[in-house]
Amino acid sequence: MRTLAAVACLLALPVWADTGSPDGAAVQQAFAEVVRKVAPAVVSLEIDLEVVEKPKSRAQRLQDRLTPQQLKDYYARPEGLVSGVIVSEDGYILTTYYAVDGEVHGIQVHLSDGRTLEGELLGRDQNLDLALVKVDAEGLPTLEPADPSKIRVGQFLLVVGRSPSPEHPTVTAGIVSADGRNGNTCVQTDAEIDYGNLGGAAVDLEGRLVGVAAQLSTTEYGLNSGIGFVTRWDCVAHAMADLKEGKIVTKPPSPFLGVQAAEGALDVEGAAIDQVVQNSAAEKAGLRPKDVITEFQGQKIAEWEDLSKLIRACKVGDEVKMIIKRDGVDIEITAVLGERK
């Protein structure tokens, strides 16, 4: 009843802090109770990782409008601890694929009770951004999973991590701002997700596990773009058997056309091109700045998002047909999609 009352207070109050009123105190108490309940199941991971650098091409750096050094600094993985969440009493711990993407030479798992245990990396799934770590322990604290069918856009969501200090939990708060993201595997949230709490527990106001804080978006939007993603528990549970067996799942190459949207062309019907990436599929096919793509593989293009969705549905090496408008004339162009690096 205490939590239900706090939810009602949250819906009624435009403040997050204690205002001195009984309602404000109930709000704070509800949040504090969730963190107290969840924190024992959240761990800190110290990963000895040799990162394999994936440098971008000169054309991509120009497209990002960043110098090579700025690009290196922006996308560099910072040193430090990451978070994980215990999902079974016998020592299985989930974190993100991103946290172990490279050559892992060792994992130290810092538990909430002060113990530090050696962790063994098992399976990894890049599509779900999950990695499974095993420690030799019994009787570890776990969380009750939330019912995925009852997740509602607008409900409150807390992300509990344990970094940069293994001794203390961290928490960020927000709402479920969208569901069915990333191939219907994630919920979207405005609770901040960063390098430290990535891999931590995303929970509802009953302390139930909605999923794992994952899918840190750096390549498209940059860190802390205002939204984050949580791999839902039902998708996690479905993948657990493969993860325990040590299966490694990687993403297939992403198809790349090589065009950049023209700013200020919102009133144009179609996808107006501002720049064409050097040596890309678009350049090889003869696309030019100021061209407008109006049709792709027989599908009408009303805006850039239409084009993006259709390209994502293709594979690297696919031959695609487009209708473009150039100087008022419709032209058919064929391109062979390349790979996004």
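Residues numbered from 1 in each chain as written. Predicted model: local features only at pLDDT ≥ 70, side-chain atom pairs only at ≥ 80, totals over all residues. Heavy atoms only, no water.

Spatial ordering of the closed barrel is given by E7-E8-E9-E12-E11-E10, a layout of six strands whose pairing is antiparallel. Going from strand to strand, the sheet's axes swing by 40° on average, the running direction of each strand aside. Direction of pairing for strand E11 (residues 209-214) relative to strand E12 (residues 228-232): antiparallel, over a ladder of four bridges. The residue of E12 that forms the bridge with Val212 is Thr231. (Pairing = 2+ DSSP bridges. Helix = DSSP H or I, 4+ residues; strand = E, 2+ residues; numbered from the N terminus. Axes fitted to C-alpha atoms, helices over the stretch in contact; angles between N-to-C directions.)

Glancing now at helix H6 (residues 233-244). An α-helical turn contains 3.6 residues, so a residue and the one three or four places further along point in the same direction. Between its terminal C-alpha atoms H6 stretches 16 Å, which fits the 16 Å expected from 12 residues at 1.5 Å a residue. By the burial criterion, the buried members of H6 are Trp233, Cys235, Val236, Ala239, Met240 and Leu243. For H6, the buried positions fall inside an angular range of 155° around the axis, keeping them on one side. In this fold, the buried residues of H6 make contact with strand E3 (92-95), strand E5 (116-125), strand E6 (130-135), helix H5 (181-184), E11 and E12. Positive backbone phi, at 90°, marks Gly246, one or two positions downstream of H6. (Expected span 1.5 Å × (residues − 1). Buried < 20%, exposed > 50% of the residue type's maximum accessible area, 1.4 Å probe, protein only. Arc of directions from axis to C-beta. Contact = heavy atoms within 4.5 Å.)

So, about the state of the cysteines. Following the criterion strictly, the structure yields zero disulfides and no others. Lacking any disulfide linkage, Cys186 is separated from the closest cysteine sulfur, that of Cys235, by 7.3 Å. (Disulfide = S-S within 2.5 Å.)

Below, the discussion takes up unusual backbone geometry. With an omega dihedral of 20°, the bond running from Ser163 to Pro164 counts as a cis peptide bond. By the element assignment, Pro164 lies in the loop between strand E7 (156-161) and strand E8 (170-180). Unusually for a residue other than glycine, Lys290 sits at a positive phi of about 80°. Within the fold, Lys290 resides in the loop between helix H7 (281-285) and strand E17 (292-296). Of note in the backbone geometry, Gln297 takes a positive phi value of approximately 50° without being a glycine. Positionally, Gln297 belongs in the loop between E17 and strand E18 (299-300). Residue classification places Gln297 among the partly exposed positions, given a relative accessible area of 39%.

Our focus in this paragraph is the packing of aromatic side chains. Any two aromatic rings considered together are summarised by their centre-to-centre distance and by the angle between their planes. For the coordinates displayed, the defined rule picks out one aromatic pair. One residue, Lys134, lies across the ring of Tyr92, its end atom 5.2 Å from the ring centre. Sitting over the ring of Tyr92, Lys244 keeps its end group 4.6 Å from the ring centre. (Phe/Tyr/Trp six-rings, centres within 6.5 Å; stacked < 30°, edge-to-face > 60°. Lys NZ or Arg CZ within 6 Å of the ring centre and 35° of its normal.)

On the secondary structure map, Ser88 appears in the loop between strand E2 (82-86) and E3. Of the polar contacts made by the side chain of Ser88, one reaches the backbone nitrogen of Tyr92; its length is 3.2 Å. Those residues in contact with Ser88, other than ones at most four positions away along the chain, are Leu140 and Thr142. (Polar contact = N/O pair within 3.5 Å; in protein donor to acceptor, adjacent residues only side chain to side chain.)

This part covers a negative patch on the surface. Taken together, the side chains of Glu46, Asp48, Glu50 and Glu103 make up a negatively charged region of the molecular surface. Here the element with the most residues in the negative patch is strand E1 (residues 42-50); it accounts for three residues. With respect to the secondary-structure elements, Glu50 resides in strand E1. Under the relative-accessibility criterion, Glu50 is labelled partly exposed at 46%. (Patch = residues over 30% accessible without salt bridge, like charges linked within 9 Å, V, L, I, M, F, W, Y side chains within 5 Å. Areas by Shrake-Rupley, 256 points an atom, 1.4 Å probe, with all protein chains shown as cover. Salt bridge = Lys/Arg side-chain N within 4 Å of Asp/Glu carboxyl O. Lys, Arg positive; Asp, Glu negative; His and termini not counted. Charge placed at Lys NZ, Arg CZ, Asp CG, Glu CD.)

Moving on to the pairing of strand E16 (residues 271-276). Where strand E15 (residues 259-261) and E16 come together, three bridges link them in antiparallel fashion. By the bridge assignment for E16, Ala261 is matched with Ile273. As judged from the two bridges shared by E16 and E17, these two strands associate in the antiparallel manner. Of the residues in E17, the one forming a bridge with Ala272 is Val292.

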